[in-house]
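The chain contents come next:
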Amino acid sequence: MNLEEFTLPNGHVVNHEVARHLSAAAIVPLTDDGERILLIRQFRPVLNAWLWEIPAGLLEKGEDPMSCATRELEEETGWTAKKVEPVVAIPTSCGFTDEYIHIFKGVGLKPGRQGREPSEVIEEKFFTRDEIRRMIAQREIVDSKTLAGLLLTLFF
C-alpha cells in the first residue's frame, strides 16, 4: 500500500492509502439450457473459510480478460464453455484499490483439462437456478464477484 495524494472535484486535497493491483476476470458457467450453474467451493485462508464462488483469477501481464476467464474456468473446474460473453466489469474495492474484475457468462459446458495450482483447494458442483436463489437468500453465497455475476447473469 502506498500513500497517494489526490485532488477532489471540489479542490480539496486528500491523502489515501492505495493498493495498485492487477485486474481479474471471472466467469459464470452455465449448461446449454442455462438451467444449471457450476460453482466452486474454495478455501480462503485469509478468511479461514470455505466460500461458494464463480471461477476467477488474476490477469497475467498483457492478458485479455476474456482469455483469463476461460483459462480460469478450465484450470479450476476442468470444464470449458462453447460461448463466452461479457457481463460487467466492476471495481473490487474502490475505497483503496484500482483493481477491476471483468465478469463473463460461459454457456455450453464441455469437459476440458483441470489444472489447479497446489494453493487452490477447490471442489466444484452444479446447482439449479432455484438452488442458487436459496443460497443467496440464506447467505450461503457471500462473495461479491459471485453475487454480482450470478445476479446479473441469471436474474436480469
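As a starting point, this report considers the structure included with it. (Residues numbered from 1 in each chain as written. Predicted model: local features only at pLDDT ≥ 70, side-chain atom pairs only at ≥ 80, totals over all residues. Heavy atoms only, no water.)

Turning next to the pairing of strand β2 (residues 13–18). Pairing analysis gives 6 bridges linking strand β1 (residues 2–7) to β2, with the strands arranged antiparallel. Paired with T7 across the bridge in β2 is V13. (Pairing = 2+ DSSP bridges. Helix = DSSP H or I, 4+ residues; strand = E, 2+ residues; numbered from the N terminus.)

Okay, the pattern of salt bridges next. Tallying each qualifying case throughout the model produces 17 salt bridges. Close ionic contact of K105 with E85 constitutes a salt bridge, the shortest N to O distance being 3.4 Å. Taken together, the residues K105 in strand β8 (residues 100–111) and E85 in strand β7 (residues 79–91) connect sequence positions 20 residues apart. The residue R134 makes a salt bridge to E140 at a minimum N-O spacing of 2.7 Å. Taking relative accessible area as the criterion, R134 reaches 37% and is therefore assigned partly exposed. Of the residues examined, E140 reaches a relative accessible area of 33% and is grouped as partly exposed. Salt bridges sharing common partners tie together E60, E63, R71, E72 and E75. (Salt bridge = Lys/Arg side-chain N within 4 Å of Asp/Glu carboxyl O. Buried < 20%, exposed > 50% of the residue type's maximum accessible area, 1.4 Å probe, protein only.)

In this section: the side chain of E53. Residue position: E53 is located in strand β5 (residues 49–53). Residue classification places E53 among the buried residues on the basis of a relative accessible area of 1%. Those residues in contact with E53, other than ones at most four positions away along the chain, are L39, I40, Q42, R44, D143, K145 and T146. (Contact = heavy atoms within 4.5 Å.)

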